[in-house]
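# Examination of the molecular architecture
Okay, here's what each chain looks like letter by letter:
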Amino acid sequence: MSKSRKLLSGNEAIALGAYHAGVRVATAYPGTPSTEILENMAAFKDLYAEWSTNEKVAMEVGLGASYAGVRTLVSMKHVGLNVAADPFMAAATTGVHGGLVVVSADDPGIHSSQGEQDNRHFARLGRVPMIEPADSQEAYDFMAAAYQISEKYDTPVLFRITTRVAHSKSVVEVDMDVLRAERSKFFHHHVEKYVMLPGHARLRVPHMHSRMEELTALAEKTPLNIIIEGDSRTGIVSSGVGYEYAREAFPGASFLKLGLIYPLPPKLIKRFADKVNKLFVVEELDPFLEENIKAMGIKIEGKQHIPRHGELNTGAVRHAAVKAEIIPPADAAVEVVATGNLPGRPPLLCAGCPHTGAFFVLSTIGKRGKVLDARGRSEKESGLIITGDIGCYTLATYPPLRAMDTTACMGASIGQAIGLVKAGVSSKVAAVIGDSTFMHSGITGIIDAVYNDAKITVIILDNGTTAMTGHQDHPGSGKSAQGVSTQKVDIVKIVEGAGVKNLQVVDSFDIKSVRSAIRSALDSEQLSVVIVRGRCAVTNKVRKNKRRVDQDACNDCGVCLMIGCQAIQKKDGRVYIEAGTCMGDACGICQQICPKKAIGTEGKAA
Amino acid sequence: MKSQGKQDVLMVGVGGQGIILASDILGDVALDIGMDVKKTDTLGMAQRGGSVTSHLRIGQKVWSPLINTSEADILLAFEKLEAARWVHYLRPGGTVIINNLAIPPLSISLGTQVYPEDEAILGSFRRVTKAAYLINGTQQAAALGDVRTLNIFMLGYLSRFLPLKITDEQWQKGIARHLPSKILDLNKRAFEAGRGAAAGVNI
């Protein structure tokens, strides 16, 4: 058998493990930190992979494929599972035919999410097993085990990773001789299993409980759970990346390392507890292992010393161990204090971003710079409330644009705008949403606005891609996850079809048109939609005629700085444009808004 | 991590400078010489122009993918302000290599904050180590014909400081694996130039 050593991210390893386990259908909606799983699956041509419209659809497609008897992978970020919770719970109830593994990528520390949540609770909620790898090797190896468990116990398996596992690279020994088993694809008609009428669902629930008993028996003996014998003074219970930090923090301790983290093995844990003087649990986020172990009547410490939010690291684990009197203070690392008061470098909209113009218009119409204080607060309504959504454009919240008042979850901008208007605010209300997010869950909001006659303005920023997560295709892009040309779903027709009468489509780089469209939409007495359309700067490689500032004509008024373009900078009191960053003719917004017409191309000002 | 050959390398800079690629190459080369490797990069809303870090850990056996504060053996900074931001990761007596380039964040242009002086940045390192090197990487990369070779130039400079046995061939192979053939020669020259620039340094 030939083996190959590779440096793989957790996501790459999951995809390869799933592929080698014989997966034939993979579905997902992009979301950090899970996106690369489907991108890697899509690269395999002997399976079907799709970007689904949203996570709920991804789960439903996955469930259908499982019913057909094929092994199926559904992947999403933690909050994606909230969207998919309904079909997930249905899958937990009906069970599967072909193995169904659902990857939930949690984001402790909120690197790129709207919130922090511990999706281990979904395992308990759904009465399904959960597997958690600690590094890329386990991500690869555990996939095969996950599919065996799914099929043997007639259950979807939750495969929980965290950002640090998903996006860290570590060494993986890959079996290069794996033969992907060919399985027959057929659907067994079985209405008591698949048609969840109350009478049928009642038959399934006892099965869910009995499978958890069987899985508990499995947890006692599975090689996914291992004991590493060491010093008997301290026993560490851990899983996931927390285990890696703990191994480094306590090189000599005894470990119970859990790979199957739900249901837990009471006998194994009791046996481990009896071997050591003190039991300590190292886990990120909620005291999930800790509370489950305490419920077994076993004494264990953890969250009274370890932070309940954010990511852990070796230093944080050592610090907690000092508090728990497991290691003496002298062993804790000496920390050098970071340099304080350095200017931050928050992410910004790119130079040449098609969203910039629309936000500049919203910011100036709403006089946001005058109304909001430095922290974005105002006791007075500004005259224009802007509900926002999830995507690159959420960055327009930051100065100098300050053009967003809310961001909750995918698609919420439209519903929130309707709510604000129906509650009776005196300001106008605009909802801003991107094209991929609109497809994901903005459409039902538009229908609600039409149906309930909500006088709001919806601005759809259409850059033709899912930019924030790395330019994945979506129903409006005309291309599938595997690069096949497909019918473009037309946002204009969707909006018109829902019954919107006041609809305008404008070029995002024509600032006059954007301003007049947004103004007339906001002044309209009916529901209005403006689609602002322009190509994402990152996908545009053409950068002709970089803009420059005519230093004689410029009076340093600073208006151009207010669009927040990364290319426009100020040094020694003078504004200049960084040629390496400017997108030139692809954008030109600064040139259009300069009151002194001091910005132009080489040799000619505007 | 006290095992022999342990090297924690923290690379920092600004999005778009090619930092992740540089650390990918070093990670692969370290794997090729039989070391254990873990690597974790800036996460999150990594838009162009944001602060970027890449943690690369090399050793006989590596557990945590994250480098601990005060434990990085080498800090390779592609931009000066970013060097200052991560000074607390360097171990006492560790090596810091700083590209002499300032990319002011927007808050500087808007006049709400001030970019730190060179002396303040270098001073913060002198409290930790004597091995601080300020190099003209951007200038030298530009002189080679393309400023985007900065990452490979920096990697070449760094290569002199690594206590790992890596042959020229292994470096060339690692670079070739990550770069398209039409810019390969240019980048090999950048690597050699970086290596050459560090030749006179008393390590």
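Since the structure is predicted, the reported quantities are computational estimates derived from the model, not experimental observations. (Residues numbered from 1 in each chain as written. Chains lettered and ligands numbered in written order. Predicted model: local features only at pLDDT ≥ 70, side-chain atom pairs only at ≥ 80, totals over all residues.)

### Focus: the overall build of chain B
- Helices and strands together make up the secondary structure of chain B, namely eight helices and six strands.
- Starting at the N terminus, the α and β elements of chain B follow one another as β-α-β-β-β-α-β-α-α-β-α-α-α-α.
- Against the globule reference of 17 Å for 203 residues, chain B gives a C-alpha radius of gyration of 16 Å, in line with a compact fold.
- The proportion of buried residues among the 203 residues of chain B is 52%. (Helix = DSSP H or I, 4+ residues; strand = E, 2+ residues; numbered from the N terminus. Rg over C-alpha atoms; globule rule 2.2 N^0.38 Å. Buried ≥ 20, exposed ≤ 12 C-beta atoms within 10 Å, placed from the backbone.)

### Let's talk about the overall build of chain A
- Counting its secondary structure elements, chain A contains 21 helices and 23 strands.
- What you see for chain A is a C-alpha radius of gyration of 27 Å, in line with the 25 Å of a compact globule of 606 residues.
- Principal axes of the C-alpha set define a box for chain A whose edges measure 80 × 65 × 55 Å.
- Relative to its 606 residues, chain A shows a buried fraction of 54%.
- In chain A, 74% of the contacts between residues at least 6 apart in sequence involve partners at least 24 apart. (Contact = placed C-beta atoms within 7 Å.)

### Observations regarding the interface of chain B and chain A
- Between chain B and chain A, the residue contacts involve 44 residues of the former and 42 residues of the latter.
- Residue assignment for the side of chain B that touches chain A shows that the elements contributing at least two residues are helix H1 (19-32), strand E2 (36-41), helix H2 (80-85) and helix H3 (106-109) of chain B.
- By residue number, the principal contributor to the side of chain B that touches chain A is E2(B), which donates six residues.
- Residues of the side of chain B that touches chain A, tallied by class, amount to 21 nonpolar, 16 polar and seven charged. (Nonpolar A, V, L, I, M, F, W, Y, C, P; charged D, E, K, R; others polar.)

### Looking at the nonpolar core
All names here are of chain A.
- By size, the foremost hydrophobic cluster in this structure holds 105 residues, and its most contacted members are Ala 18, Met 41, Val 101, Val 103 and Ala 146.
- Tallying contributions element by element places helix H7 (residues 136-152) first for this core, with eight residues.
- For Val 103, the residues in contact, after removing those within four places along its chain, are Ile 14, Ser 34, Ile 37, Leu 73, Ser 75, Met 76, Phe 159 and Ile 161.
- Counting 75 residues, the second largest nonpolar core, distinct from the first, contains Leu 348, Leu 362, Leu 527 and Val 529. (Core = buried A, V, L, I, M, F, W, Y, C linked by C-beta atoms within 7 Å.)

### Notes on the sheet that holds E2(B)
- With respect to topology, eight strands assemble into an open sheet ordered E1(A)-E8(A)-E2(B)-E3(B)-E1(B)-E4(B)-E5(B)-E6(B), the strand pairing being mixed. Whereas interior strands pair on both sides, the edge strands pair on one side only; in this sheet they are strand E1 (3-9) of chain A together with strand E6 (132-135) of chain B. Sheet twist, expressed as the average angle between the axes of neighbouring strands with direction ignored, equals 20°.
- Across six bridges, the pairing between E2(B) and strand E3 (residues 51-59) of chain B is antiparallel. Across the sheet, B:Val37 pairs through a bridge with B:Ile58, a residue of E3(B). (Pairing = 2+ DSSP bridges. Axes fitted to C-alpha atoms, helices over the stretch in contact; angles between N-to-C directions.)

### Comments concerning the packing of helix H18 (residues 435-451) of chain A against helix H19 (residues 491-498) of chain A
All names here are of chain A.
- Contact geometry for H18 and H19: axes closest at 9 Å, N-to-C directions at 15°. Relative to H19, the element H18 is oriented roughly parallel. Read as a crossing pair, H18 and H19 show a hand that is right-handed. Residues Asp 435, Phe 438, Ile 443, Ile 446, Ile 447 and Val 450 of H18 touch H19, and the partners they reach there are Ile 491, Ile 494, Val 495 and Ala 498.
- Its residues assigned to classes, the contact of H18 with H19 shows nine nonpolar, no polar and one charged. (Parallel < 35°, antiparallel > 145°, perpendicular 65-115°, else oblique. Left-handed = near helix turned anticlockwise from the far one by under 90°.)

### Some remarks on unusual backbone geometry
- Put simply, A:Tyr262 and A:Pro263 share a cis peptide bond, and its omega is -5°.
- Within the element layout of this structure, A:Pro263 appears in the loop between strand E12 (260-262) and helix H12 (266-275).
- Geometrically, the link from A:Pro399 to A:Pro400 is a cis peptide bond, its omega value of 5° lying close to zero.
- One non-glycine residue, A:Arg402, lies in the positive phi region at around 45°.
- Along the chain, A:Arg402 turns up in the loop between strand E14 (384-387) and helix H17 (412-423).
- Phi is positive for B:Ser70, which is not a glycine, with a value near 65°.
- Since 17 C-beta atoms lie within 10 Å of it, B:Ser70 is described here as partly exposed.

### Here's the deal with the packing of helix H3 (residues 55-67) of chain A against helix H5 (residues 85-94) of chain A
Residue and element names in this part refer to chain A.
- Packing of H3 against H5 leaves a shortest axis separation of 8 Å and a crossing angle of 25°. When the axis of H3 is compared with that of H5, the two are roughly parallel. Counted together, Lys 56, Met 59, Glu 60 and Leu 63 of H3 and Asp 86, Pro 87, Phe 88 and Ala 91 of H5 form the full contact between these two elements.
- The class makeup of the residues in the contact of H3 with H5 is five nonpolar, no polar and three charged.

### Re H17(A)
Residues and elements named next belong to chain A.
- Compared with the 16 Å implied by 1.5 Å per residue over twelve residues, the 16 Å span of H17 between its first and last C-alpha is a close match.
- For H17, a buried count of nine out of twelve residues is recorded, marking the element as mostly surrounded by other parts of the structure.
- By the burial criterion, the buried members of H17 are Ala 412, Ser 413, Ile 414, Gly 415, Gln 416, Ala 417, Ile 418, Leu 420 and Val 421.
- Positive phi shows up at Gly 424, right after H17, with a value of about 100°. (Expected span 1.5 Å × (residues − 1).)

### Things to note about the sheet that holds strand E6 (residues 130-131) of chain A
Residue and element names in this part refer to chain A.
- Pairing in this open sheet of seven strands is mixed, and the strands run E3-E2-E4-E5-E7-E6-E12 from one edge to the other. The open sheet has two free edges, formed respectively by strand E3 (48-51) and E12, since each of these has just one partner strand.
- Summarising the sheet, strand E5 (residues 100-106) and strand E7 (residues 157-162) pair through six bridges and their orientation is parallel. If you follow Val 101 over to E7, its bridge partner there is Val 157.

### A closer look at the domain arrangement of chain A
- Splitting chain A by domain gives domain 1 (3-221), domain 2 (226-331), domain 3 (356-539) and domain 4 (547-605).
- Here the C-alpha centroids of domain 2 of chain A and domain 4 of chain A sit 56 Å apart. (Domains from an automatic or database assignment.)

### With respect to the environment of A:Ile236
Residues and elements named next belong to chain A.
- One can find Ile 236 in strand E10 (residues 231-238).
- When the C-alpha positions of Ile 236 and Gly 302 are compared, they lie 9.7 Å apart, and in sequence the two are 66 residues distant.
- With residues near it in sequence (within four places) discarded, Ile 236 still touches Ala 246, Phe 250, Ala 253, Phe 255, Phe 280 and Val 282.

### Remarks on helix H15 (residues 356-365) of chain A
Residue and element names in this part refer to chain A.
- By the criterion of burial, H15 is predominantly enclosed, with eight of the ten residues buried.
- Turning to H15, its buried residues are Thr 356, Gly 357, Ala 358, Phe 359, Phe 360, Val 361, Leu 362 and Ser 363.
- In the stretch just after H15, Lys 367 is the one whose phi turns positive, near 50°.

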